[in-house]
Amino acid sequence: MNKLFLRHRNRLSHPLFDLLVIVLAIIGLFILAGFIGIGRSLHELSLFSFWNLDVLSILLGLLALGFGVYARRRWSDLEKEVAERRRTEAALRMSELQHRQLLEATNRQAQELSLLNRVIAAAASPREATEVLSLVCEELTRTLHLPQAAAALLSEDGETLTVVAEYYDEGRPSAKGAVISVRNNPATRYVLTHRRPLVLSDAQTDPRQAAFQDLARTRGTVSLLIVPLVIRDKVVGTLGLDALENRYFSTEEIDLVMRVATAVGQALEKAFLYAELQRELNERKQVERLKDEFIATVSHELRTPLTSIRGALGLIAGGVTGELPAQTMAMIKIAQTNSDRLFVC
């Protein structure tokens, strides 16, 4: 019977089972109350003197006690179920949070890889340095959701930086061609000397960037991230990423920009090599052109006197001046042959 009861209990949901127990308890109370009423009637009629009302009261009390014990156990079970459900919900929330973080990290890595691939593709193609830097500025502003970025190259004496490439949203002022002093610019000197990135929370008032403050106000720059551009352990310039409000650059963002700057350094090395080869090729073409012009000029200048010389030699060889000795005639023939060859050339 007990096994049958437990089997049916397992089939029922907890609310239905609790309702069934309550109904049975109420029915039992009513039955006991009926017995007590009948017992009192019989006792008053003295039909059954052995009917003891205390026994019924004790039974009623035991039934109430049993129901109380059941209710207490059931309440304990409910507390356990609620605690387990809360733990499950907390675990689900934690799992969802971890999944969201993993998804965000995956998307961020995908964006970073896509950005690096585009930079590497630009490095693999024969481009000029300014073209590569402009592409990188555009890619970084789009990836980091910034309004503008600029690239500056260091002068040979290391005293100034010149903005040679940039990208900015429509309506923003341009900084291309701007010259930034390094001497009165501790922030830039730090980046160039230590080859480490630097973040300025307020570029318009930071004393470390005094030489850049006027340009920062013109462009509306508030927060600024500066990273070095390095080619074969030599700093050749900087990348500057501007924000128009107080912007926090995370460690992940700074690491991404540094990796891009490393790839840009390789691209710049190839771009500078390509420019050098182009310059040498242009110089060779210039030398070839000058040589051709010189030959053409000399040929033109020599053609007129050669015509007269050939004519005179032809007359002499034809005997106009009289018969010549054999040895002299041989020399005339040689001179005539060489003059004809020069005239043809």
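For the structure itself, consult the block above.
Calculation rules
- Residues numbered from 1 in each chain as written.
- Predicted model: local features only at pLDDT ≥ 70, side-chain atom pairs only at ≥ 80, totals over all residues.
- Heavy atoms only, no water.
- Helix = DSSP H or I, 4+ residues; strand = E, 2+ residues; numbered from the N terminus.
- Buried < 20%, exposed > 50% of the residue type's maximum accessible area, 1.4 Å probe, protein only.
- Contact = heavy atoms within 4.5 Å.
- Areas by Shrake-Rupley, 256 points an atom, 1.4 Å probe, with all protein chains shown as cover.
- Pairing = 2+ DSSP bridges.
- Phe/Tyr/Trp six-rings, centres within 6.5 Å; stacked < 30°, edge-to-face > 60°.
- Lys NZ or Arg CZ within 6 Å of the ring centre and 35° of its normal.
- Axes fitted to C-alpha atoms, helices over the stretch in contact; angles between N-to-C directions.

Participant: Help me out: how do you make sense of the overall build of the protein in this one?
Facilitator: Looking only at helices and strands, the protein has eight helices and six strands in total. Counted from the first residue to the last, the protein has its helices and strands arranged as α-α-α-α-β-β-β-α-β-α-β-β-α-α. Counting across all 345 residues of the protein, residues that qualify as buried make up 28%. Here the contacts in the protein between residues at least 6 apart in sequence split such that 54% fall between residues at least 24 apart. Total accessible area on the protein stands at roughly 22,700 Å², and carbon and sulfur atoms take up 60% of it.

Participant: Just checking my understanding: could you explain the pairing of strand S6 (residues 234–243) for this structure?
Facilitator: In regular strands, side chains alternate between the two faces of the sheet. With nine of its 10 residues buried, S6 lies for the most part within the structure. As judged from the six bridges shared by strand S1 (residues 148–154) and S6, these two strands associate in the antiparallel manner. Directly across from Gln148, in S6, lies its bridge partner Asp242. Hairpin remark: strand S5 (residues 223–231) followed by S6, antiparallel, with two residues in the connecting loop; positive phi at Arg232, about 50 degrees.

Participant: Can you help me understand the pairing of S5 in this one?
Facilitator: The element S5 is extensively covered by neighbouring structure, given that eight of its nine residues are classed as buried. Here strand S4 (residues 198–200) runs beside S5; their pairing, made up of three bridges, is antiparallel. Bridge assignment links Leu198 to a residue of S5, and that residue is Ile226. Where S5 meets S6, nine bridges bridge the pair, whose relative direction is antiparallel. Paired with Ser223 across the two strands is Ala243, which belongs to S6.

Participant: So what exactly am I meant to see when it comes to the packing of aromatic side chains here?
Facilitator: Centre-to-centre distance and the angle between the planes together describe a pair of aromatic rings. Under the definition given, this model contains zero aromatic pairs. We note Arg247 situated over the ring of Phe249; from NZ or CZ to the ring centre the distance is 5.0 Å.

Participant: What is the right way to look at the sheet that holds strand S2 (residues 160–168) in this model?
Facilitator: Remark on secondary structure: sheet strands pair via backbone hydrogen bonds, oriented parallel or antiparallel. In spatial order, the strands read S3-S2-S1-S6-S5-S4; together these six strands make up an open sheet with antiparallel pairing. Edge positions in the sheet fall to strand S3 (179–181) and S4, since each has one partner strand and no second. Sheet twist, expressed as the mean angle between neighbouring strand axes with direction ignored, is 30 degrees.

Read these as geometric descriptors, not functional statements.
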